[in-house]
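One letter stands for each residue in the lines below.
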Amino acid sequence: MGFLDGVFGTKEKKQTDEETYMKLDLQSYEGSLGETSPATMYVKIASVSDIKECPRIKDEIYNGNIVIVDITKLKLDKMMFDRVMGDLRAVARDVNGDIIGLGDQRYVIIVPTGVRISREKICG
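This write-up is about the structure you can find in this document.

About the cut-offs
Residues numbered from 1 in each chain as written. Predicted model: local features only at pLDDT ≥ 70, side-chain atom pairs only at ≥ 80, totals over all residues. Heavy atoms only, no water. Helix = DSSP H or I, 4+ residues; strand = E, 2+ residues; numbered from the N terminus. Pairing = 2+ DSSP bridges. Axes fitted to C-alpha atoms, helices over the stretch in contact; angles between N-to-C directions. Contact = heavy atoms within 4.5 Å. Expected span 1.5 Å × (residues − 1). Buried < 20%, exposed > 50% of the residue type's maximum accessible area, 1.4 Å probe, protein only. Arc of directions from axis to C-beta.

### Examining the environment of Leu-76
No. 1: With respect to the element layout, Leu-76 can be found in the loop between strand E2 (66-70) and helix H5 (78-94).
No. 2: Taking C-alpha positions, Leu-76 is 9.3 Å from Ser-49, a pair spaced 27 residues apart along the chain.

This is the structure we're talking about:
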């Protein structure tokens, strides 16, 4: 490296972000998870827009699974929102579980017996 290289820089190619970071193949990772033994509890995702969809969510809670429910569509109808939320609160109370709103009240997390949701943030 000469004096001019220090002033003008070298002609070495700088690494881009694509070269710096390793690409992950998440599909092969997800496939390998299911090959072990079945889980005792699952985290299920649901989106609800009507009271008719609540029985399926309630079944998952009664089966001991955690359910994250997107309630964004319910915000348009106050009466339907109150009915669905009352139904979800009742199932959480019935199984001695817990329920909490999350993300500016766009999501609700319902957990079964033996699981409690902390109201304290870890960070942020």
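### Remarks on the sheet that holds E2
Pairing between the strands of a sheet comes from backbone hydrogen bonds, and it takes one of two forms, parallel or antiparallel.
No. 1: Read across the sheet, four strands follow the order E1-E2-E4-E3 without closing on themselves; strand pairing throughout is mixed. On the outer flanks of this sheet lie strand E1 (43-47) and strand E3 (98-102), each paired with one strand and no other. Across the sheet, the mean angle from the axis of one strand to that of its neighbour is 20°, orientation sign disregarded.
No. 2: Sheet topology note: the E2/strand E4 (residues 107-111) ladder contains four bridges and is antiparallel. Counterpart to Asp-70 in the pairing with E4 is Tyr-107.
No. 3: The strands touched by H5 within the sheet are E3 and E4, with E3 carrying the most contacts at an inclination of about 140°.

### Some thoughts on H5
No. 1: The terminal C-alpha atoms of H5, which comprises 17 residues, lie 24 Å apart, in line with the 24 Å expected from a rise of 1.5 Å per residue.
No. 2: Every buried residue belonging to H5 is among Met-80, Phe-81, Val-84, Met-85, Leu-88, Val-91 and Ala-92, and all of these are buried. Taken down its axis, H5 places every buried residue within 125° of arc, on the same side. Structural note: H5 exposes Lys-78, Met-79, Arg-93 and Asp-94 on the side pointing more than 90 degrees away from its buried face.
No. 3: On its buried face, H5 is in contact with helix H4 (54-62), E3 and E4.
No. 4: Looking one or two residues beyond H5, the residue adopting positive phi is Asn-96, at roughly 60°.

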